[in-house]
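Chain by chain, the residues run as shown.
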Amino acid sequence: MQGNQPRLFDMEAVNIYPKPFLKWAGGKTQLLPQLTPFFPRYFERYSEPFTGGAAVYWQLFTLRKQGLIQFKTARLTDANAELINCYVAVRDNVDELIVLLTRHRERHSKDYYYSIRSLQVENLSPVERAARFIYLNKTCYNGLYRVNRSGQFNVPMGSYVNPRVFEEAELKSASFALQGVELKTADFREVLSWAQAGDFIYFDPPYAPLSKTSSFTSYTETPFGEEEQQALASVFRELDHRGCKLMLSNSWVDDTLALYKDFNCIAVKASRAINSNPEGRGKIRELLVLNYEV
Ligand SMILES: C[S@@+](CC[C@H](N)C(=O)[O-])C[C@H]1O[C@@H](n2cnc3c(N)ncnc32)[C@H](O)[C@@H]1O
């Protein structure tokens, strides 16, 4: 927020329902019709420890606006610091962000893409970092997020003829939906220091691989392997004991079914977009875990 002044929003931003404005691997937009019937109707606080494109938060915000569910506050966290910095800029500085993005969109070319990609984020202001992040996300190959060992984004340019980069109304409606939302760069385990009985928490981790050779785990500098999947299941059990309402997505494989066998395991159908193995494309069964009855 600018100083202590409340932001003024144009009516268009207030009336448009927010939706993901980033391309994010594993985004949940296409699964929302299947997830929505399982959302609890009343809770005080919402949290998403693997926020990514935030499809589920935008949906909960919309359902609340329509009077279909009730909750008071939300807390979105993710291990990707550039992603969280981007949401902070959208929340607090959307007008300046739009000016910078307009400039990126006007100047877009191959040379420009690689010059922006090579910038060191430490030398940029938070809002410049956010504009760079959105610009690269919308013009890079497949919207992938991948960094090298020193944390530098290294995805090549995609072959879009006229990339959209951003929609002003979409960013403004996201900004409106993020007012009052707590945003933090954090490992998923950090939810333990915050969660209390009655909270609703949705976990959408990098999925366990369908086979040992098909893993896609490079959203951040740190991979998400078997150990992390087990640690996540421990967090889930701990929060269950605390009395939180929990929902979790993952792949439908023996390892995850074993980790969550004491909970309500539901099969949902999804189509996989990012998968190097062509046999993995098309409709596949995914796991939805709940620790409550609907
Ligand atoms: C499957 S994506 C979430 C997709 C999101 N639900 C959506 O609709 O776009 C997984 C997210 O987990 C984050 N992540 C990876 N390892 C993490 C960790 N150890 N703690 C917290 N977040 C992590 C990644 O940065 C990524 O944004």
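Residues numbered from 1 in each chain as written. Predicted model: local features only at pLDDT ≥ 70, side-chain atom pairs only at ≥ 80, totals over all residues.

K.L.:
Can you walk me through the overall build of the protein in this structure?
P.N.:
Scanning the protein for helices and strands turns up 10 helices and 7 strands. Its C-alpha atoms give the protein a radius of gyration of 19 Å, near enough to 19 Å, the size a compact globule of 294 residues would have. Contacts in the protein between residues far apart in sequence, at least 24 positions, make up 76% of those at least 6 positions apart. (Helix = DSSP H or I, 4+ residues; strand = E, 2+ residues; numbered from the N terminus. Rg over C-alpha atoms; globule rule 2.2 N^0.38 Å. Contact = placed C-beta atoms within 7 Å.)

K.L.:
Explain the site of the ligand here, please?
P.N.:
Near the ligand, the surroundings consist of 21 residues, among which Gly26, Phe50, Gly52, Gly53 and Asp204 are the closest. For the shell around the ligand, the class distribution of residues is 11 nonpolar, 6 polar and 4 charged. (Near = placed C-beta within 6 Å. Nonpolar A, V, L, I, M, F, W, Y, C, P; charged D, E, K, R; others polar.)

K.L.:
What exactly am I supposed to notice about the nonpolar core here?
P.N.:
Generally speaking, nonpolar side chains in soluble globular proteins are found buried as a group. The biggest cluster of nonpolar side chains holds 61 residues, and the ones touching the most others in it are Val90, Leu97 and Ile201. In this view, isoleucine 201 contacts Ser47, Val191, Ala195, Leu239, Cys244 and Leu246; residues no more than four positions away in its chain are not counted. (Core = buried A, V, L, I, M, F, W, Y, C linked by C-beta atoms within 7 Å. Buried ≥ 20, exposed ≤ 12 C-beta atoms within 10 Å, placed from the backbone.)

K.L.:
How do you make sense of the environment of phenylalanine 43 when you look at a structure like this?
P.N.:
Here phenylalanine 43 lies in the loop between α2 (32-35) and β1 (45-48). C-alpha of phenylalanine 43 to C-alpha of valine 155: the two residues are 112 residues apart in sequence and 40 Å apart in space. Not counting the four nearest positions on each side in its chain, phenylalanine 43 is found in contact with Phe71, Gly198, Asp199, Phe200 and Lys245.

K.L.:
Would you take a moment to explain helix α3 (residues 55-65) for this structure?
P.N.:
Two residues of an α-helix separated by three or four positions point the same way, owing to the 3.6 residues in each turn. For α3, the set of buried residues is Ala55, Val56, Tyr57, Trp58, Gln59, Leu60 and Phe61. In this fold, the buried residues of α3 make contact with α2, β1, β2 (73-78), α8 (168-178) and β4 (200-203). Of the residues trailing α3, glycine 67 is marked for its positive phi of about 75°.

K.L.:
Would you take a moment to explain unusual backbone geometry for this structure?
P.N.:
Excluding glycine, residues mostly carry a negative phi; peptide bonds, for their part, are mostly trans. Phi angles above zero are rare outside glycine, and alanine 54 is one such case at about 65°. On the basis of neighbour count, alanine 54 is assigned to the buried category, with 29 C-beta atoms found within 10 Å.

K.L.:
Looking at this structure, how should I read the packing of helix α6 (residues 110-117) against helix α7 (residues 126-139)?
P.N.:
In helix packing, the relevant descriptors are the interaxial angle and the interaxial distance, both defined with respect to the helix axes. Axis separation between α6 and α7 bottoms out at 10 Å; the angle between their running directions is 135°. Between α6 and α7, the interaxial angle falls into the category oblique. As α6 packs across α7, the resulting crossing turns out to be left-handed. Each of Tyr113, Ile116 and Arg117 in α6 lies in contact with α7, whose residues at this interface are Arg132, Tyr135, Leu136 and Thr139. Its residues assigned to classes, the contact of α6 with α7 comprises 4 nonpolar, 1 polar and 2 charged. (Axes fitted to C-alpha atoms, helices over the stretch in contact; angles between N-to-C directions. Parallel < 35°, antiparallel > 145°, perpendicular 65-115°, else oblique. Left-handed = near helix turned anticlockwise from the far one by under 90°.)

K.L.:
Looking at this structure, how should I read the environment of methionine 11?
P.N.:
Secondary-structure assignment places methionine 11 in helix α1 (residues 11-15). Distance from methionine 11 to serine 173, taken between C-alpha atoms, is 9.5 Å for residues 162 residues apart in sequence.

K.L.:
Whenever I open this one, the packing of helix α4 (residues 81-92) against α7 confuses me. Can you help?
P.N.:
At a closest axis distance of 8 Å, the pairing of α4 and α7 adopts a crossing angle of 110°. In terms of their interaxial angle, α4 and α7 are classed as roughly perpendicular. Between α4 and α7 the crossing geometry is left-handed. Each of Glu82, Asn85, Cys86, Val88 and Ala89 in α4 lies in contact with α7, whose residues at this interface are Pro126, Val127, Arg129, Ala130, Phe133 and Ile134. Considering only residue class, the contact of α4 with α7 consists of 8 nonpolar, 1 polar and 2 charged.

K.L.:
Would you mind showing me how to read the environment of glutamate 168 here?
P.N.:
Residue placement: glutamate 168 occurs in helix α8. Here the alpha-carbon distance between glutamate 168 and threonine 102, two residues 66 residues apart in the chain, equals 9.4 Å.

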